Amino acid sequence: MGKGRGTSGWVPIASVVALTVCALTALRLPLRLPPAPTLLLPPTLPAGPAAELWLSTQDRRLRLARQPDIPIAAPARASSAAAAADITIDIGRTYQSIVGFGAALTDSSAWLLRNRMDALQRFALLREMFGPPPGLNLDMLRLTIGASDFSLEPYTLDDLPNGQLDPGLAHFNIAADQQDVIPVVREVLAINPQLRVIATPWSAPAWMKSGDSLIGGTLLEQYESSYAQYLAKYVDAFRGKGIPIWALTVQNEPAFEPLTYPGMLLSAAARARIIGQYLGPALANRDPQTRILEWDHNWDAPGQPLSVLADPAAARYVDGVAWHCYVGDPASQSRVHRAFPHKDAYVTECSGGDWESAKNGELLWFARDLLLGGLRNWARGVVYWNLALDERHGPHSGGCNNCKGMVVIDSHTGAVSRNDEYYAFAHYSRFVRPDAVRVWSTATGPDLDNVAFRNADDGSIVLVVVNSKPQVRRVSVAQDKVYFQYTMPPESVATLTWNPDLAADSWEQRTRRFLEKALRAVTPGAALDAQGGTQ
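Cut-offs used in this document
Residues numbered from 1 in each chain as written. Predicted model: local features only at pLDDT ≥ 70, side-chain atom pairs only at ≥ 80, totals over all residues. Heavy atoms only, no water. Disulfide = S-S within 2.5 Å. Pairing = 2+ DSSP bridges. Helix = DSSP H or I, 4+ residues; strand = E, 2+ residues; numbered from the N terminus. Axes fitted to C-alpha atoms, helices over the stretch in contact; angles between N-to-C directions. Contact = heavy atoms within 4.5 Å. pLDDT = per-residue confidence, 0-100. Buried < 20%, exposed > 50% of the residue type's maximum accessible area, 1.4 Å probe, protein only. 1 Å grid on protein atoms, 1.4 Å probe; cavity = no way out; pocket = protein on both sides within 12 Å on 5 of 7 lines; lining within 4 Å. Points joined across faces, edges and corners; volume = space filled by probe spheres on them. Nonpolar A, V, L, I, M, F, W, Y, C, P; charged D, E, K, R; others polar. Phe/Tyr/Trp six-rings, centres within 6.5 Å; stacked < 30°, edge-to-face > 60°. Lys NZ or Arg CZ within 6 Å of the ring centre and 35° of its normal. Salt bridge = Lys/Arg side-chain N within 4 Å of Asp/Glu carboxyl O. Parallel < 35°, antiparallel > 145°, perpendicular 65-115°, else oblique. Left-handed = near helix turned anticlockwise from the far one by under 90°.

Caption draft 1: Up close: the state of the cysteines. Per the stated rule, a full pass over the model turns up two disulfides. Sulfur-sulfur distance for the disulfide between Cys-400 and Cys-403 comes to 2.1 Å. Its torsion about the S-S bond being 110°, the disulfide of Cys-400 and Cys-403 is classed as right-handed. Each disulfide of the protein chain joins two cysteines, and with those cysteines numbered along the sequence the arrangement is 1-2, 3-4.

Caption draft 2: Examining the sheet that holds strand β8 (residues 196–201) more closely. Around the barrel, eight strands lie side by side as β6-β7-β8-β10-β12-β13-β14-β16; this closed barrel has parallel pairing. Each strand of the sheet is rotated relative to its neighbour by a mean of 25°, with strand direction disregarded. Alignment of strand β6 (residues 100–104) against strand β16 (residues 379–386), held across four bridges, turns out to be parallel. Each residue of the ladder has a partner; that of Ala-104, found in β16, is Asn-386. The strands touched by helix α12 (residues 363–376) within the sheet are β6, β14 (344–349) and β16, with β16 carrying the most contacts at an inclination of about 145°.

Caption draft 3: Focus on the confidence of the model for the protein chain. In the predicted model, the protein chain carries a mean pLDDT of 89, and the fraction of residues at 70 or more is 83%. Residue range residues 1–31 is modelled with pLDDT below 50. Its contacts to residues more than four positions away, or to other chains, number 23 contacts. pLDDT under 50 marks residues 36–43. Its contacts with residues more than four places away, or in other chains, come to nine contacts.

Caption draft 4: Quick look at unusual backbone geometry. In this chain, Pro-133 is followed by Pro-134 through a cis amide linkage whose omega measures 15°. Within the secondary structure, Pro-134 sits in the loop between α4 (119–130) and β7 (140–145). Asp-287 connects to Pro-288 through a cis peptide bond whose omega is 5°. Among the structural elements, Pro-288 can be located in the loop between α8 (268–283) and β12 (291–298). Even without being a glycine, Arg-60 presents a positive backbone phi close to 70°. Mapped onto the fold, Arg-60 is located in the loop between β3 (50–57) and β4 (65–71). Assessed through its relative accessible area of 43%, Arg-60 is described here as partly exposed.

Caption draft 5: Representation of empty space enclosed by the protein within the structure. This structure, assessed with the given rule, holds three cavities of 30 Å³ or more. There is about 50 Å³ of room inside the largest cavity. Lining the largest cavity we find Ser-56, Thr-57, Gln-58, Arg-60, Leu-62, Arg-63, Leu-363, Asp-420 and Tyr-423. Only β3 and α13 (420–429) provide two or more residues apiece to the lining of the largest cavity. A class-by-class count of the residues in the lining of the largest cavity yields three nonpolar, three polar and three charged.

Caption draft 6: Spotlight on the side chain of Ser-334. Within the fold, Ser-334 resides in helix α11 (residues 331–339). With relative accessibility at 9%, the residue Ser-334 sits in the buried group. Once you skip the residues sitting within four places of it in the chain, Ser-334 turns out to touch Asn-377 and Trp-378.

Caption draft 7: Quick look at the packing of aromatic side chains. Summed over all chains, the structure comprises 15 aromatic pairs. For the ring pair Trp-54 and Phe-431, a centre distance of 4.7 Å and an interplane angle of 50° mean the geometry is tilted. One end of the pair, Trp-54, is in strand β3; the other, Phe-431, is in the loop between α13 and β21 (437–441), with 377 residues separating them in the sequence. According to the relative accessible area criterion, Phe-431 is buried, its value standing at 7%. For the pair Trp-207 and Tyr-223, a centre-to-centre distance of 5.5 Å together with 90° between the ring planes defines the contact as edge-to-face. You can see Trp-207 sitting in the loop between β8 and β9 (215–218) and its partner Tyr-223 sitting in the loop between β9 and α7 (224–240), a full 16 residues away along the chain. Across this residue pair, the class does not change: Trp-207 and Tyr-223 are buried. Ring pairs connect the aromatic residues Trp-365, Phe-366, Tyr-384 and Phe-425, which therefore count as one cluster. Arg-418 extends its terminal NZ or CZ atom over the ring of Tyr-422, reaching a point 5.9 Å from the ring centre. Positioned above the aromatic ring of Tyr-95 is the side chain of Arg-438, whose terminal nitrogen or guanidinium carbon lies 4.1 Å from the ring centre.

Caption draft 8: Examining the pattern of salt bridges more closely. This model, assessed by the stated rule, comprises 25 salt bridges. Close ionic contact of Arg-273 with Glu-224 constitutes a salt bridge, the shortest N to O distance being 2.7 Å. Of this pair, Arg-273 sits in helix α8 while Glu-224 sits in helix α7, and the two are 49 residues apart along the sequence. By relative accessible area, Arg-273 is classed as partly exposed at 25%. As a salt-bridge pair, Glu-294 and Arg-271 come within 2.7 Å of each other at their nearest N and O atoms. Of the two residues, Glu-294 is situated in strand β12 and Arg-271 in helix α8; the sequence distance between them amounts to 23 residues. Judged on exposure class, the residue Glu-294 and its partner Arg-271 are both buried. One salt-bridge network, in which partners are shared between bridges, spans Glu-52, Arg-66 and Asp-69.

Caption draft 9: Spotlight on the packing of α12 against α13. Closest axis-to-axis distance for the α12/α13 pair is 8 Å, and the angle between their directions is 40°. As summarised for this structure, α12 and α13 are arranged oblique, according to the angle between their axes. For the element pair α12 and α13, the recorded crossing hand is right-handed. On α13, the residues that touch Leu-363, Phe-366, Ala-367, Leu-370, Leu-371, Leu-372 and Leu-375 of α12 are Asp-420, Glu-421, Tyr-423, Ala-424, Phe-425 and Tyr-428. Per-class residue counts for the contact of α12 with α13 are 11 nonpolar, no polar and two charged.

Here is the structure:
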């Protein structure tokens, strides 16, 4: 095939032929061309780039259901439409990296897994929860140090008859964890060796406390050193069982004094002393490092962690702040972050339940208020409360009577059913991988919320959008050379993923491949040059 030389470079031969035909027609001269070759063109242009879509609806008709891909507009159209998009994403503006998502393996959850499921049922569920997609890909697990309200009975790891003391912790033991908790954690680690375990005490041993009881009271100051050693011995004991403790908190909900299950008050001043003088130094030389997270309570009292972080001795050893969801809102995480930007944030507990506010389902609240809100306010990880409970919200000893597990295990058959919280977490955990980075996106609202991430391993973008309105909502999304539109159903959660590099380049690449295929059908061995001409 020949080339035509123009003023700005090589002109494709197709243009030369077209001009020649037009000229001969205008002159009414006969056109004598060789017999036309058989031209076998592809029936259509190759499919363009697209965003993958998964959808859940509040009415539970769709639950993390894969939907048809959404075509991405050609770059030229994307550039012209981006200014008017509902959601604009800027991957050049980055925030926190993501550690992961998870749930608590309470004593109740571990007991159900070990005593109400056979080995095959248990392995299938744990692989579903902690395995890679299509599993939930959970990679964080919270454990209780001693009993919580979701234990079969109250206990700690150094219980003694009334009146006896053990400041040297000679009677410390983890026998209570050997039967159910430790075997299950080992099974999870076999599925996901990168599991990050957070451990939290509900109460110090009764002999360390005012009132000499596991329920209520507070830690006596003379036993703060012993309590720190108690926590450090737990870290060492579990490491000896092959379970590294990735992070530790000093006390669960230290501003709340429960009346029916183990717990205790622990002031900010006491926590600062324990961390700065005893626990921090005790853990400092451990390898691998065990992080210390402060607070471990609700969003409504940011002054508490701010007070501890203002103590230089304690702040030296505090890696971040743990939050619960029951009172307040996640904006408190940003308030603490602004004051101490080098301290991380994690949501370490939030439970759904059969209460009045949940009568229409909890998908939207968990996907929007907990996960999206927490992540937009600097959380590096979000952990649900009970991994699994039975059909009666148990077993448990005191505390919450209607809390829900992420899944329900039938206590008679071992069959599993999945709650709304399972699907809310799945919209994030299956797609946002560890080390992903949250990126800037338009703060849409009201009734339309979003958060965006870029995965570190392949550069893919993950966008989670929540439509809280009872009407359909047309949503347009722009990110550099990417643009697409999608109509969301009422009260729904959508996760969309795409690779921006492939989306930006593929139109030229795909069109070029199409033209080269067509050209080779006419002239075997022909190809396009860099300017699109033939050679």
